[in-house]
Amino acid sequence: MKSRNLLFVLPILALAIYWSWPKDDLVSYNRDIRPIVNNKCISCHGGVKQSGGFSLLFESEAKMATESGKPAIVPGDAGASEMVKRLSHHDPEMRMPLGKEPLSDQEIELIKKWINQGAIWEKHWAYIPPDGDIVPPSLPEEVDANNKIDHFIFSKLKEMELRPNPEASREILLRRLALDITGIPPSLEDYASFKEDDSPDAYEKVVDQLLDSPHFGEKWAAFWMDLARYADSKGYEKDLHREIWKYRDWLIEAFNDDMPYDAFSIAQIAGDLLPNAGEKDLLATAFHRNTMANDEGGTNDEEFRVAAVMERVGTTFEVWQGTTMACVQCHSHPYDPIRHEDFYKSMAFFNNTRDKDLYNEQPKVFTYEPAEKEKVKKLLSWVNDRLQPEDKLNAVSDEFLHQQKEELLYRLGHRRVEAEEFQDKSRFIELVAHDQASIWQVQDSSWIMFEQVDLAEVEAISLKYASLTGARVEIRLDSMLGEKIGAGVFEVTGKGFPGNRPEQWKTLHIPIKPVNGKRDVFYYFKKDRIFAQDLVRVDWLYYHEKSAAKDRYPVAVQQKLDELLTVNPIQTPILRDLPANKSRQTRIFERGDWRSTGKEVEAGIPEIMGSISEPDPDRMDLARWLVSEENSLTARVMVNRIWEQLFGFGIVESMEDFGSQGIPPTHPELLDYLAVTFREDLNWSMKSLIKMIVMSSSYRQSSLSSDEKLNKDPYNKYLSRGSRTRLPAETIRDQALALSGLLNKKLFGPSVMPYQPENIISFGGRFWFESEGPDKYRRAVYTYWKRTHPYPSMVTFDSPSREVCTSRRVRTNTPLQSLVLLNDPVYVEAASAWAQRILEESGKDIKGGIQKNLQLVTAKPPEQEKVDVLHQLYEESLAYYKKEGKDLDSNPQLAAMRLVSNAMLNLDEFITRR
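So, here's what we can say about the structure.

1. Considering the overall build of the protein chain
Here is step 1: When helices and strands are counted, the protein chain shows 33 helices and 17 strands.
Here is step 2: On C-alpha atoms alone, the protein chain measures out to a radius of gyration of 33 Å, which is about the 29 Å that the 2.2 N^0.38 rule sets for 914 residues.
Here is step 3: In terms of overall dimensions, the protein chain has C-alpha extents of about 100 × 90 × 55 Å along its principal axes.
Here is step 4: Residues counted as buried form 56% of the 914 residues belonging to the protein chain.
Here is step 5: Considering only contacts in the protein chain between residues 6 or more positions apart, those separated by 24 or more positions represent 72%.
Here is step 6: Here the protein chain carries 117 positive and 142 negative side-chain charges, and the mean point of each set is 3 Å from the other.

2. Some points on helix H30 (residues 846-858)
Here is step 1: The end-to-end C-alpha distance of H30, which contains 13 residues, comes to 18 Å, matching closely the 18 Å that a straight helix rising 1.5 Å per residue would cover.
Here is step 2: All buried positions along H30 are accounted for by Ile846, Gly849, Ile850, Asn853, Leu854, Gln855, Leu856, Val857 and Thr858.
Here is step 3: Residue Ala859 follows H30 closely and has a positive phi angle near 75°.

3. A word on the nonpolar core
Here is step 1: Trp224, Tyr247, Phe255, Trp643 and Leu674 are the most contacted members of the largest nonpolar core, which totals 160 residues.
Here is step 2: Not counting residues up to four positions away in its chain, the partners in contact with Phe255 are Phe216, Gly217, Trp220, Ala221, Phe223, Trp224, Phe264, Met686 and Lys687.
Here is step 3: The next biggest cluster of nonpolar side chains, apart from the first, holds 36 residues, and it includes Ile448, Ala471, Ile512 and Ala532.

4. A few points about unusual backbone geometry
Here is step 1: Pro97 follows Met96 through a cis peptide bond whose omega is -5°.
Here is step 2: Along the chain, the position of Pro97 falls in the loop between helix H4 (82-87) and helix H5 (105-116).
Here is step 3: That bond from Gln362 to Pro363 is cis: its omega, -5°, falls within 30 degrees of zero.
Here is step 4: By the element assignment, Pro363 lies in the loop between helix H15 (340-347) and strand E1 (364-367).
Here is step 5: For Tyr236, which is not glycine, the phi dihedral falls at a positive 60°.

5. As for the pairing of strand E9 (residues 484-490)
Here is step 1: Here strand E8 (residues 471-477) runs beside E9; their pairing, made up of six bridges, is antiparallel. Looking at the pairing, Arg476 lines up with Lys484 of E9.
Here is step 2: Hairpin geometry of E8 and E9 is characterised by an intervening segment of six residues between the two adjacent antiparallel strands and by a positive phi of about 70° at Asp478.

6. Side note on the packing of aromatic side chains
For any pair of aromatic rings, geometry is given as the distance between the ring centres together with the angle between the planes.
Here is step 1: Scanning all chains against the criterion turns up 34 aromatic pairs.
Here is step 2: Ring geometry for Trp643 and Phe647: centres 4.4 Å apart, planes at 40°, overall tilted. With Trp643 and Phe647 both in helix H20 (residues 634-647), this residue pair falls four residues apart, about one helical turn. For the pair shown, Trp643 and Phe647 are each scored as buried.
Here is step 3: Measuring from ring centre to ring centre gives 5.3 Å for Tyr880 and Tyr881, while their planes differ by 75°; the resulting arrangement is edge-to-face.
Here is step 4: A relative accessible area of 14% means that Tyr881 is categorised as buried.
Here is step 5: The ring centre of Phe216 lies 5.0 Å from the NZ or CZ of Lys687, which sits over that ring.
Here is step 6: In this arrangement the basic side chain of Arg700 is found over the ring face of Tyr203, its NZ or CZ atom lying 3.9 Å from the centre.

7. Description of a negative patch on the surface
Here is step 1: A surface patch of negative charge is lined by Glu600, Glu602, Glu614, Asp616 and Asp618.
Here is step 2: Overall, Asp618 belongs to the partly exposed group, its relative accessible area being 33%.

8. What to know about the environment of Leu878
Here is step 1: Following the sequence through the fold, Leu878 ends up in helix H31 (residues 864-882).
Here is step 2: Measuring from C-alpha to C-alpha, the distance between Leu878 and Leu899 comes to 9.8 Å, with 21 residues separating the pair along the chain.
Here is step 3: Setting aside chain neighbours within four positions, we find Leu878 in contact with Pro892, Gln893 and Ala896.

9. Side note on the pattern of salt bridges
Here is step 1: In this structure the tally under the stated criterion is 59 salt bridges.
Here is step 2: The partner of Arg808 in a salt bridge is Glu653, and the shortest N-O contact between them spans 4.0 Å. Residue Arg808 is located in the loop between helix H27 (792-796) and helix H28 (815-823), and its partner Glu653 is located in the loop between H20 and helix H21 (668-681); the two are separated by 155 residues in the primary sequence.
Here is step 3: What makes Arg808 partly exposed here is its relative accessible area of 28%.
Here is step 4: Its relative accessible area of 17% is what places Glu653 among the buried residues.
Here is step 5: Several salt bridges share partner residues, and in doing so they unite Asp226, Glu730, Arg802 and Arg809 into one network.

10. Regarding the side chain of Gln441
Here is step 1: If you trace the backbone, Gln441 turns up in the loop between strand E5 (439-440) and strand E6 (447-454).
Here is step 2: In this structure Gln441 touches Phe428, Ile429, Glu430, Ser446, Gln533 and Asp534, once residues within four positions along its chain are discounted.

11. Section: the state of the cysteines
Formally, a disulfide is one covalent bond, and it connects the sulfur atom of one cysteine to the sulfur atom of another.
Here is step 1: If you walk through the whole model with that rule in mind, you get zero disulfides.
Here is step 2: The structure places no disulfide on Cys41, whose sulfur is separated from the nearest cysteine sulfur, that of Cys44, by 8.9 Å.
Here is step 3: Look at Cys41 and you get buried, because its relative accessible area is 9%.
Here is step 4: Classification of Cys44 as partly exposed rests on a relative accessible area of 27%.

12. A look at the sheet that holds strand E3 (residues 424-425)
Here is step 1: Here we have five strands laid out as an open sheet, ordered E3-E6-E11-E8-E9, and antiparallel in their pairing. The sheet terminates laterally at E3 and E9, the two strands that pair on one side only.
Here is step 2: Bridge count for E8 against strand E11 (residues 518-527) is seven bridges, and the pairing is antiparallel. Counterpart to Leu477 in the pairing with E11 is Val521.

Reading the values: rules and limits
Residues numbered from 1 in each chain as written. Predicted model: local features only at pLDDT ≥ 70, side-chain atom pairs only at ≥ 80, totals over all residues. Heavy atoms only, no water. Helix = DSSP H or I, 4+ residues; strand = E, 2+ residues; numbered from the N terminus. Rg over C-alpha atoms; globule rule 2.2 N^0.38 Å. Buried < 20%, exposed > 50% of the residue type's maximum accessible area, 1.4 Å probe, protein only. Contact = heavy atoms within 4.5 Å. Lys, Arg positive; Asp, Glu negative; His and termini not counted. Charge placed at Lys NZ, Arg CZ, Asp CG, Glu CD. Expected span 1.5 Å × (residues − 1). Core = buried A, V, L, I, M, F, W, Y, C linked by side-chain atoms within 4.5 Å. Pairing = 2+ DSSP bridges. Phe/Tyr/Trp six-rings, centres within 6.5 Å; stacked < 30°, edge-to-face > 60°. Lys NZ or Arg CZ within 6 Å of the ring centre and 35° of its normal. Patch = residues over 30% accessible without salt bridge, like charges linked within 9 Å, V, L, I, M, F, W, Y side chains within 5 Å. Areas by Shrake-Rupley, 256 points an atom, 1.4 Å probe, with all protein chains shown as cover. Salt bridge = Lys/Arg side-chain N within 4 Å of Asp/Glu carboxyl O. Disulfide = S-S within 2.5 Å.

In structure tokens:
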């Protein structure tokens, strides 16, 4: 009874002490105590290790009795607190932290004072909702501001006894804006036009033009693709092709349309659960189908399904919450108050999706590109107009056109199913790697299964196949050894498969027993006379109905139906939930091992982050919570990401970690002010937020520095000057193509394959087939991304492999980067095209041509010294190619100018945004 009373009285006593204590002398847990705990205590008394039964991760646990039976912290009584005794113990074997330097007297006194004041706990700042009434600080005297952002930045500089830089020149600002907003450099005409515009809103007009550019989305999609771990392949050892580029196009379009960030977020997490979800809503959910899939034969599909689901949990919390959640799958968070159980509560939101690590990437949404879409629509309309009322579609519409096509074919009994579209399979079933359009590696006792096939009117089933050995197949119901309704023998169709592609296919026709209704159908493969690893290839299955409706119509109609089958859709993997009667239970995995399950959990979020009020919440509830006012982090995290894209560093530098071990914000009030403004005033408009930032005086500063600024603000995190950062890999490539005139500005479409060295594309089997014509000069965002062989020059400039979510690229400087710019065929070809253009435009005034084109790199009219050096390089190279090197190039002028343009592509100004 005494202990119960104590539990009731202590919190009241602590609050009484807190409110009665003089506030100017109050110790703050976040400001004063948490740094000590994080640096010197939490590694032994956190979420993983809890020495002596004492953890400082949760307030309730910190104030409980430890293994010794004594509470480590007694609010209001430091003398009775075991923590204080152990921190100041004279015996090194007893003193904490054990085996390390003891706390200083000042730190111990601070902890004592905090405990005596009631040991008032505080949430980490990131879990406290931002204040909606932040008043920007007053502006320092003699400093001009363009908006409220400057009040925060310049007042902080005043504290540091620094003054902001004056505004950069118009040319520098234009290049900075163009590269930041569209990723494409300005032309000489753009520079001239901006410089000559004397209107007071000239700068704002340029900003608006760039934000309205269709190339805005291409630039801004790139950083989100890192977060989405976008790739055109599935990862792991086989790393086969994945058709998911429609998600990248959706992303570009969403940025161009300035889709509000709340809708943007909901669509990607739960677009399939929106009322009347359309094709674009489904495409958005491919965000979480970018998880890796293991197509290696013999792997356990459930193991890698679970791995994908667990990865989605970590990615969701990193992308929208800036929280390192992945480690919680094995144990409670080491440093933040997130319990092991919380990971699996969060996992429950994603655990009922239908995907299960199958080759065919089901579920998928099927779409068509404009030309094919028009063709399918015309064919469907033509056929539909000639059908009897009972066979007709209600209407032919643009949305879900493939679904309408399938429905019409099914109604008419024209039922062909691709063999690779099975719903389940045995372990040793794979797809042919080059196109994944037929099954192979069919071994003795292998099987594929199709769920709920309507067999009521089916009298026979045909299989298109190819085989080198011959084999047998049994058709069974409901299980691999269920009722047999038919069987057949595959004959030998050839002596070899050149390039792993059968030259001849045959069709096996198998009559089946009458079956009522819908049943799961298993195709059970067995060896015939020869045992082999690869018994048979199967391309498609066809269900023959007794009196198919199509047979009642003229040959012309049937020909159109066959023609419809030849138009292949684009297949994009998406999220879809299982029906309620097949929903999965979610259990805790002990130490993160999917084979060792613990208690069942319901969907939910970590307590420290709040709660979802809806009973039995689903993915849509999670998505809506993420962008709700109750969520303290989503707006902050996205504001921080956009800030980093424009300044090189986030206000919180550790963009992936807003937790207690993350780097504290340089301007916490500004972060909160922008988060509230973004959500409430700008209505989640990303373009409006970008405009607000680039319109500020802070953004427009000159990047020139001084010894004082380098000393006090070496990395420019406090914006004592305009930011000077190395351009991202995509922009460096795009800029070279743009300056040379080669850049293909076409929007959207399948990924392309520009030049790669032969020894790279042939490693592990050829996978890279170089694009022809203008396609190889498309923007870098469209470059085919294979996880095991990422595009070399972009990786050299710090692009991630995209196997996992990447919140920030760590910028490096290596000799290899300069070698890429000097020797990579892409940059050499760009230099050659640029050289040709310089020669054509300059005529006899070579020096003037060099000076004019150098400004495309330097922005400002270049210094005469640089022009002279480049002109000298041209003259010396021309002399060489006319004499000693005359056999190296038939055009000495072009060869000499190529060296000059190549040198310009290697200048610091070329790879730097300043």
